[in-house]
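# Remarks on the overall topology
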Amino acid sequence: MARDYTGGSPKHHHLESKKKRLTWIFGVSALCVVCYMLGAWQTTSSPVNRSELYQRVGCDETSQNQGGNNASSSSPSAASASSSSLHLDFESHHQVDINKSDAVQKFPACDMAYSEYTPCQDPQRGRKFDRKMLKYRERHCPTKEEQLLCLIPAPPKYKTPFKWPQSRDFAWYDNIPHRELSIEKAVQNWIQVEGDRFRFPGGGTMFPRGAGAYIDDIDALIPLSKGNIRTAIDTGCGVASWGAYLLRNDILAMSFAPRDTHAAQVQFALERGVPAMIGVLASKRLPYPARAFDMAHCSRCLIPWQNYDGLYLIEVDRVLRPGGYWILSGPPIHWKKHWRGWERTQEDLKQEQDSIEAVAKRLCWKKVIEKNDLAVWQKPINHIECIKSRRVYKTPHICKSDNPDMAWEKDMENCITPLPETTNPDDVAGGALEKWPDRAFAVPPRISSGSIPGVTAEILRADDQLWKERVEHYKRIIPISKGRYRNVMDMNAYLGGFAAAISKYPVWVMNTIPANSNQDTLGVIYERGFIGTYQDWCEAFSTYPRTYDLIHAGGVFSIYQDRCDITYILLEMDRILRPEGTVVFRDTVELLVKIKGITDGMKWKSQIMDHESGPFNPEKILVAVKTYWTGEAKKES
């Protein structure tokens, strides 16, 4: 059936509407063309003066020319050129001015006399301090006016150190040009010079058959290979051969020795890829938390253990874990055989050993065994019986209101550090540890007991997962898994997640906890089977120059930017970093820009990269590499 159209033909109405639409389109197009031509005509004329330019652009150009060449920017030609070269400014203008000078500050090389400079253990500065209790060998850092604004040079013929494990036995002579030990300790077989390199046979004063055989002797007395003992401390370590050979047993030793007449002992250790730092038992606590080490060791370390009412053994007791061992070899042990060689009287040596035995008994230690040149004591697993024994032994008393982990620049105390309370005589105070390697990823007792505020087992697991992802990302930008690095420093270690994530590689990590941090987590790191120390990064670290291959600095400069000049922190990082070593910074982009501006003047090559989660994360990564350069050899007069 046909449809009825009352308004006329539909085709006629369609044609009319189409004509109107075309007319409207042509009209709008013509108007657009006229406007475009008018605008083009206006922009072809140059402004009469600068104020007209500012009105047209709509912003103040002086912010872009700030710090530039005023003479050139004030000329008419410069004004017209700037109008055609306006660019987006991504610099932050809402914060304090970061770099006050436009030019990068170039840091010169220090004199070659500073090639082995250790700022806080400088022998010349140490001479100003009291020799009693070896205070002159403790940390004495330079004042701000004494700090150097120059780069510590490497020796003229410096070479990249041998890779681990070859480095355990060899080091380049030109990197540490000191023959003193090879002459002074020639009979004891510490170190030998072979052409252009040193060789370390593993000898020692008390282990003429070598460190390996000496460790086998210890293993026959207490089990070293069952995973119960993981962390150790070696006082007066020499060149740290004991720590070097313990690594075969998966035992990580913190070796330390003072900077003394035996030149560069600690430097030799670190050059070999063995954990070590400059340190001394004097009047201050060792910079480690309480209950940190499974084993402590002294082999002819010349520490007067019986003096000062046993103060030094009391400090060893503080850092030993419940059930931990103390091993002593050398004077006065086995004095009936060695007294002539030690050039001491039998009465003197007997009195010394009796005094040590008495101090150990008052500390509630049990003597496990004395065999040949070795004597071994064991700390109790809790203090139930020790507290009762105070009725008999009046000194040393149990410390009262004391934070046993507080160890940065704190005087030793002549009292026994109390262990966490327990009512069962068979319980390990503070909680038992898992065997190594399970210990690395188990929940440490300090966390499971709730003694670290704000840190739970869930937070630990999340942190471990985070570091697993981060290390996978790092592997794509630095050769972390290729054997390129051996000595690693984590400047802000938190829970030790970075060390745990790279523990499968042939590296060791010096985990540092900022001494003024809100959370003291170094005890957690030790309970996980890793080592570390407290450190105030406004001061120098207790090590020689060129002793670390890789430094990780996560959030460090956010902590210290308002406490001290970060330029000196970066110069300290340059001092302890080996030529061609790498630094990974993690921080806000504003701080990384500031850091990069400083390191560009330190002969570093660096690049800011996106966070592993992507470009939208406000935290960024700066990867920097210290370029290879050396000092100049002194000319003969």
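Conventions adopted
Residues numbered from 1 in each chain as written. Predicted model: local features only at pLDDT ≥ 70, side-chain atom pairs only at ≥ 80, totals over all residues. Heavy atoms only, no water. UniProt positions renumbered as here; feature names shortened; annotations may be inferred. Helix = DSSP H or I, 4+ residues; strand = E, 2+ residues; numbered from the N terminus. Buried < 20%, exposed > 50% of the residue type's maximum accessible area, 1.4 Å probe, protein only. Contact = heavy atoms within 4.5 Å. Areas by Shrake-Rupley, 256 points an atom, 1.4 Å probe, with all protein chains shown as cover. Patch = residues over 30% accessible without salt bridge, like charges linked within 9 Å, V, L, I, M, F, W, Y side chains within 5 Å. Salt bridge = Lys/Arg side-chain N within 4 Å of Asp/Glu carboxyl O. Phe/Tyr/Trp six-rings, centres within 6.5 Å; stacked < 30°, edge-to-face > 60°. Pairing = 2+ DSSP bridges. Axes fitted to C-alpha atoms, helices over the stretch in contact; angles between N-to-C directions. Parallel < 35°, antiparallel > 145°, perpendicular 65-115°, else oblique. Left-handed = near helix turned anticlockwise from the far one by under 90°. Nonpolar A, V, L, I, M, F, W, Y, C, P; charged D, E, K, R; others polar.

- Per an unreviewed UniProt entry, the protein chain goes by Methyltransferase and derives from Prunus mume.
- Taken verbatim from the UniProt record of the protein chain, the Sequence similarities (unreviewed entry) comment is "Belongs to the methyltransferase superfamily."

### Re the overall build of the protein chain
- Helix and strand content of the protein chain: 20 helices and 17 strands.
- Out of the 637 residues belonging to the protein chain, those deemed buried represent 50%.
- For the protein chain, the share of sequence-separated contacts (at least 6 apart) that also reach a separation of at least 24 residues comes to 69%.
- Carbon and sulfur atoms make up 53% of the accessible area of the protein chain, which totals about 31600 Å².

### Points about a nonpolar patch on the surface
- Side chains of V589, V593 and I608 sit close together on the surface and give an oily, nonpolar patch of about 180 Å² of accessible area.
- Along the chain, I608 turns up in strand β16 (residues 604-609).

### Quick word on the packing of aromatic side chains
- Taken as a whole and assessed by the stated rule, the structure comprises 20 aromatic pairs.
- Ring centres of W305 and W326 lie 5.2 Å apart, and the angle between their planes is 75°; this geometry places the pair in the edge-to-face category. Residue W305 is found in the loop between β7 (293-299) and α10 (311-319), and its partner W326 is found in strand β8 (residues 320-329); the two are separated by 21 residues along the sequence.
- According to the relative accessible area criterion, W305 is buried, its value standing at 2%.
- A centroid spacing of 6.3 Å and a plane angle of 80° characterise the contact between Y474 and F498, whose relative ring orientation is edge-to-face. On the criterion of sequence distance, the pair formed by Y474 in helix α15 (residues 457-474) and F498 in helix α16 (residues 497-501) is long-range, its members being 24 residues apart.

### Remarks on the sheet that holds β8
- One open sheet accounts for 7 strands, arranged β6-β5-β4-β7-β8-β10-β9; its pairing is mixed. The sheet terminates laterally at β6 (276-278) and β9 (366-371), the two strands that pair on one side only. Taken pair by pair, the neighbouring strands of this sheet meet at an average axis angle of 20°, ignoring direction.
- Inspection of the sheet shows β9 paired to strand β10 (residues 374-378) by 5 bridges, in the antiparallel sense. Each bridged residue has a counterpart across the sheet, and for K366 the counterpart in β10 is Q378.

### With respect to the packing of helix α19 (residues 566-576) against helix α20 (residues 589-599)
- α20 packs onto α19 with a crossing angle of 60° between their chain directions and a minimal axis gap of 10 Å. Judged by the angle between their axes, α19 and α20 are oblique. Where α19 crosses over α20, the handedness of that crossing is right-handed. Note on element contacts: α20 touches α19 through K594, I595, I598 and T599, opposite I566, T567 and L570.
- When its residues are assigned to classes, the contact of α19 with α20 shows 4 nonpolar, 2 polar and 1 charged.

### Section: the pattern of salt bridges
- What the rule picks out here adds up to 33 salt bridges.
- The partner of R168 in a salt bridge is D169, and the shortest N-O contact between them spans 3.1 Å.
- Between E619 and R470 there is a salt bridge; the shortest N-O distance is 3.9 Å. Of this pair, E619 sits in strand β17 (residues 619-626) while R470 sits in helix α15, and the two are 149 residues apart along the sequence.
- The structure contains a network of salt bridges with shared partners spanning R321, D405, R446 and E527.

### Observations concerning the environment of I566
- Its location among the elements puts I566 in helix α19.
- Taking the C-alpha atoms as reference points, I566 and C538, 28 residues apart in sequence, are found 8.0 Å from one another.
- Those residues in contact with I566, other than ones at most four positions away along the chain, are F557, Y560, Q561, K594, I595 and I598.

### Regarding the pairing of β10
- With 5 of 5 residues buried, β10 lies mostly within the body of the structure.
- By the alternation rule, side chains of β10 split into L374, V376 and Q378 and A375 and W377, which are all buried.
- Alignment of β8 against β10, held across 5 bridges, turns out to be antiparallel. Residue pairing across strands places L328 opposite A375, the latter belonging to β10.

### Some details on the environment of P322
- Along the polypeptide, P322 turns up in strand β8.
- A relative accessible area of 9% places P322 in the buried class.
- Distance from P322 to N382, taken between C-alpha atoms, is 6.4 Å for residues 60 residues apart in sequence.
- Among residues more than four places away in sequence, those in contact with P322 are R291, K379, P380, I381, L419, V428 and A429.

### Quick notes on the sheet that holds β16
- Read across the sheet, 7 strands follow the order β13-β12-β11-β14-β15-β17-β16 without closing on themselves; strand pairing throughout is mixed. Two strands in the sheet have a free side with no partner beyond their single neighbour: β13 (531-535) and β16. Sheet twist, expressed as the mean angle between neighbouring strand axes with direction ignored, is 20°.
- Strand direction decides the pairing type here: strand β11 (residues 487-490) and strand β14 (residues 548-554), joined by 3 bridges, are parallel. Residue pairing in the sheet places V488 in a bridge with L550 of β14.
- Here α20 sits on the sheet in contact with β15 (577-588), β16 and β17, set at roughly 155° to β15.

### Some words on helix α7 (residues 211-219)
- Taken together, the buried positions of α7 are occupied by A211, G212, A213, Y214, I215 and I218.
- Turning to α7, the residues buried within the fold contact α8 (241-246), β7, β8 and β10.

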